[in-house]
Amino acid sequence: MSSPAHVPAIILQEKRRVRYLKVIALFKIFKGVLLFLLGFSLLFLNGRPVWLDQISDWADEQLLLHHSKYVIFLLNKLQDALSGGALRATGILALFYCAVLFTEGIGVYMQKRWAEFLMIFATSALIPLEIRHVWHQLIFQRPMLVPALILLANCFIVWFLYMVLRRVKPEAHAAPERELVETR
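Residues numbered from 1 in each chain as written. Predicted model: local features only at pLDDT ≥ 70, side-chain atom pairs only at ≥ 80, totals over all residues. Heavy atoms only, no water.

1. Let's talk about the packing of helix 1 (residues 14-44) against helix 6 (residues 145-167)
Running from amino to carboxyl end, helix 1 crosses helix 6 at an angle of 140°, the nearest separation of the two axes being 11 Å. When the axes of helix 1 and helix 6 are compared, the pair comes out oblique. Of the two possible hands of crossing, helix 1 and helix 6 adopt the one that is left-handed. Here helix 1 contributes Arg17, Tyr20, Leu21, Ile24, Phe27, Lys28 and Lys31 to the contact with helix 6, which in turn contributes Ala153, Asn154, Ile157, Phe160, Leu161 and Val164. Considered class by class, the residues forming the contact of helix 1 with helix 6 number 9 nonpolar, 1 polar and 3 charged. (Axes fitted to C-alpha atoms, helices over the stretch in contact; angles between N-to-C directions. Helix = DSSP H or I, 4+ residues; strand = E, 2+ residues; numbered from the N terminus. Parallel < 35°, antiparallel > 145°, perpendicular 65-115°, else oblique. Left-handed = near helix turned anticlockwise from the far one by under 90°. Contact = heavy atoms within 4.5 Å. Nonpolar A, V, L, I, M, F, W, Y, C, P; charged D, E, K, R; others polar.)

2. Some remarks on the packing of aromatic side chains
Summed over the entire model, instances satisfying the criterion amount to 4 aromatic pairs. Geometrically, the ring pair formed by Phe36 and Phe40 is stacked, given 6.0 Å between the ring centres and 25° between the ring planes. Of this pair, Phe36 and Phe40 both sit in helix 1, 4 residues apart, roughly one helical turn. Judged by centre distance (5.9 Å) and plane angle (20°), the rings of Phe156 and Phe160 are stacked. Taken together, the residues Phe156 and Phe160, both in helix 6 and 4 residues apart, mark about one turn of the helix. (Phe/Tyr/Trp six-rings, centres within 6.5 Å; stacked < 30°, edge-to-face > 60°.)

3. Some points on unusual backbone geometry
For Gln111, which is not glycine, the phi torsion reads 60° and is therefore positive. Considering the arrangement of structural elements, one finds Gln111 in the loop between helix 4 (86-109) and helix 5 (113-139).

4. Regarding a nonpolar patch on the surface
Residues Phe30, Val33, Leu34, Phe36, Leu37, Phe40 and Phe44 make up a contiguous nonpolar surface patch of about 680 Å² in total accessible area. Residue position: Phe30 is located in helix 1. (Patch = residues over 30% accessible without salt bridge, like charges linked within 9 Å, V, L, I, M, F, W, Y side chains within 5 Å. Areas by Shrake-Rupley, 256 points an atom, 1.4 Å probe, with all protein chains shown as cover. Salt bridge = Lys/Arg side-chain N within 4 Å of Asp/Glu carboxyl O.)

5. Quick word on the side chain of Asn154
Topologically, Asn154 is positioned in helix 6. Only 2.7 Å separates the side chain of Asn154 from the side chain of Glu130, close enough to count as a polar contact. In this structure, Asn154 is in contact with Phe27, Lys28, Lys31, Thr123, Ile127 and Glu130, ignoring residues within four places of it in sequence. (Polar contact = N/O pair within 3.5 Å; in protein donor to acceptor, adjacent residues only side chain to side chain.)

6. Some thoughts on the pattern of salt bridges
Overall, the coordinates contain 1 salt bridge when judged by the stated rule. Between Glu104 and Lys28 there is a salt bridge, and its shortest N-O distance comes to 3.7 Å. Of this pair, Glu104 sits in helix 4 while Lys28 sits in helix 1; the two residues are 76 residues apart in sequence, bridging distant segments of the chain. A single burial state applies to Glu104 and to Lys28, both of which are buried. (Buried < 20%, exposed > 50% of the residue type's maximum accessible area, 1.4 Å probe, protein only.)

As structure tokens, this is what we get:
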């Protein structure tokens, strides 16, 4: 008697696989939109130092801050951070990663195999950073529901795409065999 072929634990029919891939793609596109908004606001809203000067002047007049050196120190540090180049670099990085997320999301939505590979590599590269973030949240006893959910979602995405890519073999692009016809 022959043993039955190995049946995977999760059987993904073509319709379900495509539906799950489209949900993952929309999730990545949504994250890309949020990152685009963040990066755009960090790069192109240049009026922040003026706003902080106005807030500082208002706080000084209304709250009599000249007696509180600590608050003035914090406001000055915040103003220095906003006017320095750190936020500009963060904005550029956010827009770059936004482009990666849009490329992944649109490519997977269109069912491109290269986009699935890109999504696996890009998502799995960030998992160690997310684990570190959750660990620090745990150490400092802060609420960590959202970072933990994001970590679990990204781990699921990597696992799911790995399973999909492992099961779905690329079609062989070999040319069909041609019969040689002898001419006389």
